[in-house]
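Examining the three-dimensional arrangement
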Amino acid sequence: MYNVLLVDDEPIVKIALRTMIHWDELGFPICGTASDGQEALNLVGKLKPDIIITDLKMPNMDGLQFMRELNAQNYKGKVIVASNFGDYELVREALLLGAVDYILKISIQTEGLITQLRQTASLLQEEQHTLQEQEAKDRFLRNNLKSVKSSILKDYFTDTHYDIHHFLQNKQIVLNLWATPCYLFYITFDLDPADEHRIKGNISASFIENTILNLIETVNDMEVFQVDANSIIALIPVQQLIEHHMEPAVFMSKICKLIEMYISLKPIIVFTKQFVGYDEARQKYRACMDALHINFYNQLSTIDVSKVEFTLDMGQTNYVDYSISVLQQWQKEGKDSIKNRLETLAQKCKRNQIHPDTVKEFIMKCLDYIPLSESKIQVHDAEQYQNHRKSIAICKTMDALLSETWQAFECLTLLSEAPTLPILKKEVQDVIQYIESHYQDKITLEMIADHVNFSENYLCRVFKEQVGTSLITYINQVRMNKAAALIMKGSTYMKEVASLVGISDQFYFNRLFKKQFGISPSEYKSRQLASTRQLASKTNS
């Protein structure tokens, strides 16, 4: 239903319009009539018509002035003007003032009037729908401003290229702490799978905010937002804590206890000294992330950033010297003795607070260097060796690092530890000597079996029982060790190296080499050259 107001100073026109169509039945009830613009203005405020049909020429206030007044009052309905022949300029001005259509009094027809009313109703419907959509958007934005702001802050803190000022052009989003001295509290949880399932959905910015409300009655001037699934940042004005007589460490301790009480899980909270502004806050956040590395050595639940200062190098210990000393100890005292050396290194790193990334890099360089620097070292399980090496990069604690490092060493064999020839059967010794003499040539099982006068099946079974590996695998290991020695002596062309160890297919050679050493022949060469240069540099200095 759309209410209609008729405005005309001629009673006969209003009567004609009233009787021309069944207004109520068509959904356009006439809510009132007026004889001039002034009278009509008084009725608009009371009756709130959706559609106004008005004459242009009237006493006291004409139709054009009436429309100007409607516009000044921000009238939301639609206006149709009624005119006579010759009123073209008046009609034109009326249309410019917002009239949706016009009718000629002398030629008005029933069908034409109904069509105009329905078209006007369609315009009202479209505007109403648009208005409702806009109101819904505004309502959504109002209800989600906090969420939008949190998303902006999250992106700003986690993306170094994010321009926060661009997204704050929306005046509804206000950041209050540009000039306010604050503390940053980084609250995170180190969850195992059982914990993740148990408290799924409970770790959120709103949960932390409500927890803070137990200690501080208002959160109007603070920012609490989530940076990842298990981590929240709280920016709290210094004045807030002063008013509640709490130092940051005390506040942090109380928050820890409340969180543990609510979800039976202790958080890790890192806090900073006071600062001013969001740009500095982002720097403080990165400092918090780095300070968390202290738990590589100590399992702390609260961390004061100002008390964490990492050393970014290993001091006078370099990986070449350390690797050589490990090899020497291994040869003198056996592989198990390396454990104590690794633990001593760990204690030194903890004592000097060496950054975990530096320690991991040092260990990985050693694991790269050791198999390349000593031809007697054999990687007997290259895949596992590389897996443990990769796992080192993601170790969260020193204990985990020591475990992965030791397991990597377990994949290495010092050939001098292998059984010596005298304890092998004479036939097996003959096979080994034959392989050593003919590894450069094409060797088949049939050729070896003929040499020792055994059947091929019996030869393979006895060899594996005695040596611990299959005959083919042993031949390939010998060839790859010989190839590594050639590369270390300066052989540059891999095709030539492959040919010198009895393999004509370079791609097959590359595959065998990588299987044994975990890296390609060219990578092996590059690392060996780098190690040689560093050792030479160390010797010269």
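My aim in this report is to walk through the structure given alongside it, one point at a time.

On to helix 12 (residues 278-291). Between the first and last C-alpha of helix 12 there are 19 Å, a value that for 14 residues agrees with the 20 Å anticipated at 1.5 Å per step. Along helix 12, the residues that are buried comprise Tyr278, Ala281, Arg282, Tyr285, Cys288 and Ala291.

What follows is about the nonpolar core. Among the nonpolar cores identified, the biggest contains 37 residues, and Trp330, Cys349, Phe362, Met398, Leu401, Phe409 and Leu412 are the most heavily contacted of them. Going through the elements one at a time, helix 13 (319-333), helix 14 (337-351), helix 15 (356-373), strand 12 (377-379), helix 16 (382-392), helix 17 (398-410) and strand 13 (412-414) are the ones with two or more residues in this core. Here this core takes 8 residues from helix 15, the largest share from any one element. Of all hydrophobic cores here, the second largest spans 33 residues; its members include Leu372, Tyr434, Tyr439 and Tyr524.

Scanning the model with the defined rule gives 18 aromatic pairs in all. A centroid spacing of 6.3 Å and a plane angle of 25° characterise the contact between Tyr2 and Phe28, whose relative ring orientation is stacked. Residue Tyr2 is found in the segment before strand 1 (4-7), and its partner Phe28 is found in the loop between helix 2 (23-26) and strand 2 (30-34); the two are separated by 26 residues along the sequence. An identical accessibility class is assigned to Tyr2 and Phe28; each is buried. Summarising the aromatic geometry, the rings of Tyr319 and Tyr369 are spaced 6.0 Å apart at their centres and angled 80° between planes, so their arrangement reads as edge-to-face. Within this pair, whereas Tyr319 is found in helix 13, its partner Tyr369 is found in helix 15, the two being separated by 50 residues in sequence.

Under the criterion given, the structure shown has 12 salt bridges. One salt bridge connects Lys105 with Asp8, and the closest N-O pair in it is separated by 3.0 Å. Of this pair, Lys105 sits in the loop between strand 5 (101-104) and helix 6 (110-158) while Asp8 sits in the loop between strand 1 and helix 1 (11-20), and the two are 97 residues apart along the sequence. The pair Lys105 / Asp8 is uniform in exposure class, with both members buried. Between Asp87 and Lys57 there is a salt bridge, with its nearest N and O atoms 3.2 Å apart. Here Lys57 lies in the loop between strand 3 (51-55) and helix 4 (63-72) and Asp87 lies in the loop between strand 4 (78-83) and helix 5 (88-96), a separation of 30 residues in the sequence.

Thresholds applied
- Residues numbered from 1 in each chain as written.
- Predicted model: local features only at pLDDT ≥ 70, side-chain atom pairs only at ≥ 80, totals over all residues.
- Heavy atoms only, no water.
- Helix = DSSP H or I, 4+ residues; strand = E, 2+ residues; numbered from the N terminus.
- Expected span 1.5 Å × (residues − 1).
- Buried < 20%, exposed > 50% of the residue type's maximum accessible area, 1.4 Å probe, protein only.
- Core = buried A, V, L, I, M, F, W, Y, C linked by side-chain atoms within 4.5 Å.
- Phe/Tyr/Trp six-rings, centres within 6.5 Å; stacked < 30°, edge-to-face > 60°.
- Salt bridge = Lys/Arg side-chain N within 4 Å of Asp/Glu carboxyl O.

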